[in-house]
Amino acid sequence: MQDNIFLKIIRKEIPADIVYEDAELLAFRDIHPLAPVHILVIPKKPIESITTMEPEDALIVGKMFLVARDIARDLNISEKGYKLLIRVGHDGGQEVPHLHLHLLGGARLTENIHPI
Ligand code: AMP
């Protein structure tokens, strides 16, 4: 797997506004937020996307959702709700080839899903 911006953030080679970290996962604020709360939850393991994840990655991917849920609770957006989004590959709009879960909230969000 080639190097990418998220691997550099994991290695602390470039800065990020980190909101959660443990041995397996990192969560930080998106640099171009699409909502008042926009956090990215990523595995430290270099998993490129849902397409390339292995069955053994299922626990870590499940944990990404638990961490996103806990961050939403800590940022007080749980009650009103939020959106969790994973883009997969070119047609899914994935720009960074390292699996990431978007946590979006703090406002009522539109769907805005349509072919380009
Ligand atoms: P995606 O389009 O699903 O691959 O999302 C990639 C996300 O990474 C976009 O929302 C970008 O704004 C975000 N992003 C790219 N570079 C950085 C960075 N250095 N720090 C934080 N977020 C970033």
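Residues numbered from 1 in each chain as written. Predicted model: local features only at pLDDT ≥ 70, side-chain atom pairs only at ≥ 80, totals over all residues. Heavy atoms only, no water.

*Asks:* Is there a simple way to explain the sheet that holds strand β2 (residues 25-29) in this structure?
*Replies:* Within a sheet, each strand pairs with its neighbour through backbone hydrogen bonds, oriented either parallel or antiparallel. Strand order in the open sheet formed by 5 strands is β1-β2-β3-β5-β4, and the pairing between neighbours is antiparallel. Taken across any chain shown, the strands that pair with only one partner, and hence form the sheet edges, are β1 (18-21) and β4 (82-85). Mean inter-strand twist for the sheet, computed between neighbouring axes without regard to direction, equals 15°. Relative to strand β5 (residues 101-105), β4 runs antiparallel, the two sharing 4 bridges. Residue pairing across strands places lysine 83 opposite leucine 104, the latter belonging to β5. Its contacts with the sheet place helix α2 (residues 58-74) against β1, β2, β3 (37-43), β4 and β5, and it is angled at close to 155° to β3. (Pairing = 2+ DSSP bridges. Helix = DSSP H or I, 4+ residues; strand = E, 2+ residues; numbered from the N terminus. Axes fitted to C-alpha atoms, helices over the stretch in contact; angles between N-to-C directions. Contact = heavy atoms within 4.5 Å.)

*Asks:* Any chance you could explain the site of the ligand here in plain terms?
*Replies:* Not every one of the 16 residues close to the ligand is listed here, only the nearest: Asp30, Gly93, Glu95, His100 and His102. Here arginine 87 contributes a side-chain N or O atom positioned 3.1 Å from an oxygen atom of the ligand. Between the ligand and valine 96, the relevant distance is 3.2 Å, taken from an oxygen atom to a main-chain nitrogen or oxygen of the residue. Within the complex, 88% of the 500 Å² of free accessible area of the ligand lies under protein. Broken down by secondary-structure element, the contributors of at least two residues to the shell around the ligand are α1 (5-10) and β2. At 3 residues, α1 tops the list of elements feeding residues into the shell around the ligand. Residue composition of the shell around the ligand, by class: 7 nonpolar, 5 polar and 4 charged. (Near = heavy atom within 4 Å. Polar contact = N/O pair within 3.5 Å; in protein donor to acceptor, adjacent residues only side chain to side chain. Areas by Shrake-Rupley, 256 points an atom, 1.4 Å probe, with all protein chains shown as cover. Nonpolar A, V, L, I, M, F, W, Y, C, P; charged D, E, K, R; others polar.)

*Asks:* How do you make sense of the nonpolar core when you look at a structure like this?
*Replies:* One recurring pattern in soluble globular proteins: nonpolar side chains tend to sit buried together. Of all hydrophobic cores here, the largest spans 17 residues; its most connected members are Ile39, Val41, Met64, Ile71 and Leu103. At 7 residues, the largest contribution of residues to this core is made by α2. When sequence neighbours within four positions are dropped, the list of residues in contact with isoleucine 39 reads Val19, Ala27, Phe28, Arg29, Asp30, Ile71, Leu75, Leu101, His102 and Leu103. Among the nonpolar cores identified, the runner-up in size contains 9 residues, and Leu7, Ile9, Ile10 and Phe28 belong to it. (Core = buried A, V, L, I, M, F, W, Y, C linked by side-chain atoms within 4.5 Å. Buried < 20%, exposed > 50% of the residue type's maximum accessible area, 1.4 Å probe, protein only.)

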